[in-house]
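Spelled out from the first residue to the last, the chains are:
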Amino acid sequence: MKMSTIVHDKIHNVIIIGSGPAGYTAAIYLARANLRPLLLEGDGSDGTYPGGLLTTTNIVENFPGFPNSIDGFKLTTNFKKQCENFGTITKSEHALNVTKLDNIFKIQTKNNTYFTKTIIIATGSTPNKLYIENFDRLLNHGISMCAICDGGLDCFLDKPLAVIGGGDSACEEALLLSRTASHVYIIFRKNKMRASKIMIDRVTINEKITLIPNHEIETINGLDVLESIDLKDYTNNKMNLKIKGLFIAIGHTPNSQFISDLVEVDDYGYIITDKSMSTNINGIWAVGDVQDSKYKQAITAAGSGCIAALELERYLSKIE
Ligand code: NDP
């Protein structure tokens, strides 16, 4: 068994835990300020995405500077290159826990222990699952958490598919799938989708997409692969939908568990910050989706990373 080792006998100025637009932006600012940030971008072992959820988005149309849109993976790769060009060290490691010592912090990863004066948490959020019988068994056998990753698989081409969820993600996934599926159903539990108007307009006019409001999934059927789902509405009317693929787009859970006994979180697990992105612990900031339950945009995440980096720079110059 590999022993845990202390790889840095030095104390870092700052360690950024997590990546994505928020973490990389903070790293760009801190590297340009000559603070030599270390960024632990995660190793994907816990179902999270190194580089952030943006890596799973194919078309980003609302990040300023790209008039003809940009691929999410490409945008993230550019963020990473940019922060490395200025001197950020990035490592594919996943923080397991954080301890506050006297005036520094200890971060434990699977194989290493790091010490740092300050921390920026940018661990984002993870897509939610459905807690229905057969879900786990048929996950990756007809059920997918990511249309971008799986939508092009042979088993889904020219087949009827469904997306569950009423937000922008559900619309985006349905639009993507509609290019290759025979038909796509969007199932949502309210009368109206909560997605933005432009996305609702796009799915509504798409002839290959049918909206099914006021319904939830009651059962998921299939032995080795997904065969159908049973839906019910609030008057208990039921219908069976024969589909070959079910794509889940029902929101996210913030990845704050590893630090929630140190910093304050709300009832949903979002880290509570003030306007400067500072947590209740001096020397720890939180940025992006792990603290933002409302906006959750790449551009707002990047902005929060910038704010935290500027505040952190001032904090370090005061304590040194
Ligand atoms: P949202 O939180 O906006 O939407 C989640 C949806 O899932 C809601 O319709 C919710 O229903 C539904 N839901 C939650 N739990 C269940 C359940 N157990 N069973 C059935 N349905 C459920 O998440 P999104 O991921 O869609 O979006 C997150 C953020 O990212 C938003 O701010 C969005 O604007 C942004 N985004 C923007 C995009 C773009 O601009 N291109 C693309 C993707 C995301 P209910 O409404 O009933 O609560």
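Treat the numbers as computed from the prediction; the structure is a model and nothing was measured.

1. Let's talk about the pairing of strand β16 (residues 245–248)
Reasoning step 1: Side-chain alternation along β16 places Gly245 and Phe247 on one buried face and Leu246 and Ile248 on a second face that is also buried.
Reasoning step 2: Across two bridges, strand β9 (residues 143–144) lies against β16 in parallel orientation. Looking at β16, one finds that isoleucine 143 is bridged to leucine 246.
Reasoning step 3: Across four bridges, the pairing between strand β10 (residues 160–164) and β16 is parallel. If you follow isoleucine 164 over to β16, its bridge partner there is isoleucine 248.

2. Notes on the packing of aromatic side chains
Reasoning step 1: This model, assessed by the stated rule, comprises four aromatic pairs.
Reasoning step 2: With a centroid separation of 5.0 Å and 65° between ring planes, the pair formed by phenylalanine 156 and phenylalanine 247 is classed as edge-to-face. Here the residue phenylalanine 156 occupies a position in the loop between α4 (147–150) and β10, and phenylalanine 247 occupies one in strand β16, the gap between them amounting to 91 residues.
Reasoning step 3: Judged by its relative accessible area of 2%, phenylalanine 156 falls in the buried class.
Reasoning step 4: Judged by its relative accessible area of 0%, phenylalanine 247 is buried.
Reasoning step 5: Both rings, one in tryptophan 285 and one in tyrosine 315, keep their centres 5.4 Å apart while their planes meet at 80°; by these two values the pair is edge-to-face. Taken as a pair, tryptophan 285 in strand β18 (residues 284–286) and tyrosine 315 in helix α7 (residues 298–319) lie far apart in primary sequence, 30 residues in all.
Reasoning step 6: Judged by its relative accessible area of 4%, tryptophan 285 falls in the buried class.

3. Quick word on the state of the cysteines
Reasoning step 1: Enumeration over the complete set of coordinates arrives at zero disulfides.
Reasoning step 2: The closest cysteine sulfur to the non-disulfide-bonded cysteine 83 is located on cysteine 306, 14 Å from its own sulfur.
Reasoning step 3: Unpaired in terms of disulfides, cysteine 171 finds its nearest cysteine sulfur in cysteine 146, a separation of 16 Å.
Reasoning step 4: For cysteine 171, a relative accessible area of 0% corresponds to the buried category.

Calculation rules
Residue indices begin from 1 for each chain and proceed along its sequence in written order. In keeping with the model being predicted, local features are shown solely for residues with a pLDDT of at least 70 and side-chain atom pairs are shown and tallied solely at 80 or more, while totals for entire chains, interfaces and linings include all residues. Where side-chain values are given, they derive from all heavy atoms of the structure, hydrogens and water being excluded. Burial classification: accessible surface area is computed with a 1.4 Å probe over protein chains only, and a residue below 20% of its type maximum counts as buried, one above 50% as exposed, and the rest as partly exposed. Comment: elements are numbered from the N terminus, with helices defined as DSSP H or I runs of at least four residues and strands as E runs of at least two. We call two strands paired when DSSP finds no fewer than two bridges between them. Stacked, edge-to-face and tilted are the three classes for Phe, Tyr and Trp ring pairs, Trp counted by its six-membered ring, which pair at centre distances within 6.5 Å; planes under 30 degrees apart are stacked, over 60 edge-to-face, the rest tilted. The rule for a disulfide is simple: a pair of cysteine sulfur atoms within 2.5 Å.

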